[in-house]
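Report on the structure
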Amino acid sequence: MQLIQQTPDLSAYLAADEVIDHTHPLVRETAARLAKNVADSYAYACAAYEFVRDTVPHSADSGDPRVTWRASDVLEQATGICHAKAHALAALLRAEDIPTALCYQRLLHDDGSGFVVHGLVAVRLDGAWHRQDPRGNKPGVDAQFSLDGERLAWIPDAAAGEVDYPELHASPHPSVLASLRQAADRPHLWDTLPTELPATR
C-alpha cells in the first residue's frame with residue numbers, strides 16, 4: 001500500500017499540540033530515559049515502541065474503564081485504547097525528532113458485530129514511512145517493530161469490508177478525537193467510536 005502524507009511538510013509530523021504534547025515534562029523525561037542507552041534513532045524508535053506496547057496496558061485487555069487521549073495522560077495513567085497509545089508513541093518519537101504520523105484501519109469487532117476504526121502510527125526512518133502498531137500483544141496478536149515488512153496487529157480483510165486507510169495524519173482524525181474526548185468511560189467510548197473515517201480536508 002502506498003502511504004500518503006496528508007501534508008507535504010514533514011515538519012508537521014514533528015509538531016506538538018494538545019494531544020501529542022511532547023513538550024510536556026513527563027513525555028520529555030520518559031523520552032530522555034529511553035534514549036539514554038540506545039545508539040541511534042532506529043534503536044530509540046524500537047525502544048519507545050516496545051515501551052508503549054508493553055508497559056501501557058490496552059484498557060480493553062486490562063478492563064480499565066478510564067479513557068485517556070492526551071499523550072502525557074496516557075503515560076501518567078498507564079492506560080489507553082489503541083488511539084491513545086498511538087498518541088503516546090507519536091509524542092515519544094517526535095520528542096526525539098523522529099517524524100511520526102497517525103494512521104488508521106477499519107476493522108471488524110472480534111464478535112463480527114460491526115466495524116470500528118483502529119489507530120496506529122507510521123515512523124519516518126531510512127527515508128521512508130513504516131507503520132507500527134503499539135496496541136499491545138495478546139493471544140492471537142503479535143505486533144513487532146519492523147522496518148523490513150509490516151508486523152502489525154491485524155491485516156484488514158477487504159472482502160469482509162475492512163480497510164487500510166493510506167493517509168498519514170499529522171494530528172488525530174477529528175472524529176476519533178471527538179469520541180475520545182466526549183466519552184464518559186470506555187464502555188461509552190466503545191459505543192461512540194467511528195465505524196469509518198470521514199474524509200478530511
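Everything in this summary refers to the structure shown in the same document. Not measured: the values here are computed from a predicted model.

Scoring rules and cut-offs
- Residues numbered from 1 in each chain as written.
- Predicted model: local features only at pLDDT ≥ 70, side-chain atom pairs only at ≥ 80, totals over all residues.
- Heavy atoms only, no water.
- Helix = DSSP H or I, 4+ residues; strand = E, 2+ residues; numbered from the N terminus.
- Rg over C-alpha atoms; globule rule 2.2 N^0.38 Å.
- Areas by Shrake-Rupley, 256 points an atom, 1.4 Å probe, with all protein chains shown as cover.
- Contact = heavy atoms within 4.5 Å.
- Buried < 20%, exposed > 50% of the residue type's maximum accessible area, 1.4 Å probe, protein only.

Along the backbone of the protein there are seven helices and six strands. The helix and strand sequence of the protein, counted from the amino end, reads β-α-α-α-α-α-β-β-β-β-β-α-α. Here the C-alpha atoms of the protein give a radius of gyration of 16 Å, agreeing with the 17 Å that 2.2 N^0.38 yields for 201 residues. C-alpha atoms of the protein, sized along the principal axes, occupy 45 × 35 × 35 Å. Of the roughly 9200 Å² of accessible surface on the protein, 49% is carried by carbon and sulfur atoms.

Moving on, we come to the environment of Leu14. Topologically, Leu14 is positioned in the loop between strand E1 (4-5) and helix H1 (25-35). For the pair Leu14 and Asp97, spaced 83 residues apart in sequence, the C-alpha separation works out to 6.5 Å. Every residue in contact with Leu14, bar those within four places of it in the chain, is listed here: His22, Arg94, Asp97, Ile98 and Pro99.

This brings us to the environment of Leu93. Here Leu93 lies in helix H5 (residues 82-95). On the accessibility criterion, Leu93 (0% relative accessible area) is buried. Between the C-alpha atom of Leu93 and that of Ala31, which follows or precedes it by 62 residues, the distance is 7.8 Å. Each residue touching Leu93, except ones within four places of it in the same chain, is listed here: Tyr44, Ala45, Ala48, Ile98, Thr100 and Val123.

Another point: unusual backbone geometry. With phi around 55°, Ala78 is a residue other than glycine that occupies positive phi space. Note on placement: Ala78 falls in the loop between helix H4 (71-77) and H5. Phi at Asp97 is positive, roughly 65°, even though this residue is not glycine. Residue position: Asp97 is located in the loop between H5 and strand E2 (100-108).

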